[in-house]
Amino acid sequence: MSGDLDNVAEPDCDIGTDIYNEGDKADIAKGFSRPPQEFQEDIKSLDHVTLNIAVTGSTGAGKSTFVNAIRGLGNDDEGAADTGVTETTRIPTAYPHPTMPNVTVWDLPGIGTPKFNAKTYLSDMHFERFDFFIIITSERFKENDINLAKAIRKKKKLFYFIRSKIDNDINAESKRRDFNEEELLSRIREDCKKNLKSVGNPQVFLISSFNFEDYDWNRLMDTLERELPDNKKHALILSLPVYSMEALQRKKRHFQRMIWLTAFGSAAVALFPIPGLTVACDYGVVTAFLRNIFRSFGLEDTALQILAKRVKMNWQDLKTEMTSRFKDGVTTKVVNSFFKTPSVAFIMTLKALLNTVIIAGHLPAGAVTVGIIHHLLNKGLREMENDTISVLKKARLLQQE
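So, how was this worked out
Residues numbered from 1 in each chain as written. Predicted model: local features only at pLDDT ≥ 70, side-chain atom pairs only at ≥ 80, totals over all residues. Heavy atoms only, no water. Helix = DSSP H or I, 4+ residues; strand = E, 2+ residues; numbered from the N terminus. Buried < 20%, exposed > 50% of the residue type's maximum accessible area, 1.4 Å probe, protein only. Pairing = 2+ DSSP bridges. Axes fitted to C-alpha atoms, helices over the stretch in contact; angles between N-to-C directions. Salt bridge = Lys/Arg side-chain N within 4 Å of Asp/Glu carboxyl O.

Observations concerning unusual backbone geometry
So, point 1. The phi torsion at K165 lies on the positive side, around 55 degrees, for a residue other than glycine.
So, point 2. With respect to the helices, strands and loops of the structure, K165 is situated in the loop between strand 5 (158-163) and helix 8 (166-173).
So, point 3. A relative accessible area of 31% means that K165 is categorised as partly exposed.
So, point 4. The phi angle at Y215 is positive, at roughly 65 degrees, despite the residue not being glycine.
So, point 5. Relative to the helices and strands, Y215 is located in the loop between strand 6 (204-206) and helix 10 (217-227).

Details of the sheet that holds strand 1 (residues 51-57)
So, point 1. Strand order in this open sheet of six strands is 2-3-1-4-5-6, and the pairing throughout is mixed. The strands lining the two open edges of the sheet, one partner per strand, are strand 2 (93-96) and strand 6. Between one strand axis and the next, the sheet turns through 30 degrees on average, direction left out of account.
So, point 2. Relative to strand 3 (residues 103-107), strand 2 runs antiparallel, the two sharing four bridges.

Some words on the pattern of salt bridges
So, point 1. All chains considered together, the criterion is met by 17 salt bridges.
So, point 2. In this structure, R250 engages D222 in a salt bridge whose closest nitrogen and oxygen atoms are separated by 2.9 Å. Of the two residues, R250 is situated in helix 12 (residues 245-271) and D222 in helix 10; the sequence distance between them amounts to 28 residues.
So, point 3. Overall, the relative accessible area of 3% leaves R250 in the buried class.
So, point 4. On the accessibility criterion, D222 (33% relative accessible area) is partly exposed.
So, point 5. Here R325 makes a salt bridge to E383, at a shortest N to O gap of 2.9 Å. Here R325 is found in the loop between helix 15 (315-319) and helix 16 (332-339), whereas its partner E383 is found in helix 18 (residues 362-394), with 58 residues between them in sequence.
So, point 6. A relative accessible area of 1% places E383 in the buried class.

And the structure:
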């Protein structure tokens, strides 16, 4: 990491020459064919999109534990949903994400309880406010679960079946001499699908809320990435806890795709320059995007404290593993350090000169902006990825090399 900071002026910063490959050039050409305001509107909408996830199912199935886990919390953390062996959720209860307030996970009362029956459940829960439903059971899916799924499908909402507490099944069966984990998981999955035959051919995901990275968690996330609208997918991926390399790489891939949209959005301003405005916009775009990465990667103090409690460590010990320029956050000083490297400063000067060319300068200035923003955001992404890997290794969630 320190080597990267010591050599910020080396050829990797030479934005004016080889930053684009052939695929990138095609993306740039395609991007500039769109009206500039479309980019700005896309970016602004992503900053404000909300995501409401409904978690429902049978009483005692582990709904509240799942609500906590998907927000990166343990059952005894501050802000966690109440858990217990009996029905602890009496009314629909909203639990905001601890670091992403635009994402809310709803803990819904168990279906089939005296107060909430299957026929009126969706209307009682005000189904229209939810983006998708998670239907959880810890045993077999029952008639109420099936009827609920059918009702959700009629309303044209997404729903997913989760068979919870898989770790309990594994522990119980592991004492058998002929125990085979893969065979057990396959048998549970097929039994659930058979039980849900009247719903069609739904996917069933086997989940342990105490260890998301095992079993079908990543397959569930892959499915949500395919099926959710882009803006909702963006909110979901940014909010997911980062406790494994797979989770980190999922976020990294998403941010890499978002970098192009962000770069084009900034370039839209350069197409119609106002003296002094385009530089300010470049700074603002880079700052906002880097702060999104920092928060989503779990590098904020609040997220480090939650992680430290999970792994029974001092959060300051985790924070000392952050050695990049972002160790104290995405500050004005850090962003300035990005723009003041010799090669970037040169390109910024070139951009300012292109902006003075009234007729022909706008498109070149826009293309230069794409290069600058693309380069800087990817550089920041790499540095924060390295910080996150170091933190996860210290927390013993990744193996040391």
